[in-house]
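Examining the three-dimensional arrangement
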Amino acid sequence: KQWYQRRVRAKSEELTLFLTPPTDSDMDLLKSWISLRYLNVEISSEVQEKFQENSEVSLSEFLNPEKYSALCAELSITEWSNIGPRNKKNYQVCRKPTQIVAEFIDLIKTDAFAVLLSHLTGLPLSVNYDDPDCNDFSNEPFGMMSSEVSRWEHGSYSLLCDQEVMNLPDRLHIFYHSEVNEMYDVNAGGYISFISHSDEEPLLVIPPQSNTLSLVFAKTDEFGFTKFINSKMQKPFYCVSAQYVARTPNEEHNPSGRSESSDNK
């Protein structure tokens, strides 16, 4: 049984899970990319329980093997541009995605994907997700703020910048890693570390793992950065990332449940 097929009874009428279901094309795109295990009601409920307990979860083997192989093949031939300034960050981003890379980017922008994330986290990432028992983190709707496809290698890093992290709302970060060396050593760097103004020690460390989607809920005083990658990193790896932020009630309503802007433009 899969979450997008689940139905509930109300006043003797059978209602779908969604207020307005995502389009068939979006659902077909989702099912062609995502491992069916994460479209299973029981599995997604288990993931949600773990996420709400720990504020984070990592999902291995997230993409179907065929799509993962195709994505890796195209990431290796994608054109990359350096991003800075170096007192803030130093890595590469994709400016002109190839067909498969663009398809994956389109996927994470669909309402079908937002509803999937809602089932995995309990967060209201879509107006088409309505589960009052699973809003432990926030009762405010969330919208996608930005997304990025990046390449990381020896010398890459990102730092915290006071101006960039001031007054950030509660948000959900997603990180999808690929092409990570099977013998990856955390001492090589490249992991994502979350810290808080009130704690000296890291709150969370996310090592990159191939074909793994990591979900992290961050509060207003919690921020993430990528540790400097040293010479122990034998080959580059890739990360597709996005974040959803809480939208205030006076923001313009977006039927898709998202309001997107990108700092890569």
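Residues numbered from 1 in each chain as written. Predicted model: local features only at pLDDT ≥ 70, side-chain atom pairs only at ≥ 80, totals over all residues. Heavy atoms only, no water.

**Comments concerning the sheet that holds strand β10 (residues 204-206)**
Read from one edge to the other, the open sheet built from 3 strands follows the order β10-β9-β12, with strand pairing classed as antiparallel. Of all strands in the sheet, those with a lone pairing partner are β10 and β12 (222-226), marking the two edges. Looking at each pair of strands side by side, their axes are set apart by 20° on average, direction ignored. Looking at chain direction, strand β9 (residues 192-196) and β12 are connected through 5 bridges and run antiparallel. Paired with Ser 196 across the bridge in β12 is Glu 222. (Pairing = 2+ DSSP bridges. Helix = DSSP H or I, 4+ residues; strand = E, 2+ residues; numbered from the N terminus. Axes fitted to C-alpha atoms, helices over the stretch in contact; angles between N-to-C directions.)

**A short note on the environment of Phe 175**
Mapped onto the elements of the fold, Phe 175 is located in strand β8 (residues 171-178). Every residue in contact with Phe 175, bar those within four places of it in the chain, is listed here: Ile 192, Phe 194, Ile 206, Thr 212, Leu 213, Ser 214, Val 216, Cys 239, Val 240 and Ser 241. (Contact = heavy atoms within 4.5 Å.)

**Points about the confidence of the model for the protein**
When pLDDT is low, close inspection of the predicted coordinates is not appropriate. Model confidence for the protein is summarised by a mean pLDDT of 80, while 74% of its residues fall at 70 or above. Across residues 1-21, where pLDDT falls below 50, the model places 45 contacts with residues more than four positions away in sequence or in other chains. Taken as a whole, residues 132-138 scores under 50 in pLDDT and shows 15 contacts with residues more than four places along the chain or in a different chain. (pLDDT = per-residue confidence, 0-100.)

**Some thoughts on helix α3 (residues 65-75)**
One turn of the α-helix equals 3.6 residues, which is why residues spaced by three or four share an orientation. Among the residues making up α3, those that are buried are Lys 67, Tyr 68, Leu 71, Cys 72, Glu 74 and Leu 75. Down the axis of α3, the sector holding all buried residues measures 170°, keeping them to one side. Residues of α3 that are exposed and angled more than 90 degrees away from the buried face: Pro 65 and Glu 66. (Buried < 20%, exposed > 50% of the residue type's maximum accessible area, 1.4 Å probe, protein only. Arc of directions from axis to C-beta.)

**Examining unusual backbone geometry**
For residues besides glycine, phi is generally negative; the peptide bonds are generally trans as well. Between Gly 84 and Pro 85 the backbone carries a cis peptide bond, its omega angle lying at 5°. With respect to the secondary-structure elements, Pro 85 resides in the loop between β4 (80-83) and β5 (89-94). Positive phi values are uncommon outside glycine, yet Ser 55 reaches one of about 65°. Structurally, Ser 55 can be placed in the loop between α2 (41-54) and β3 (56-60).

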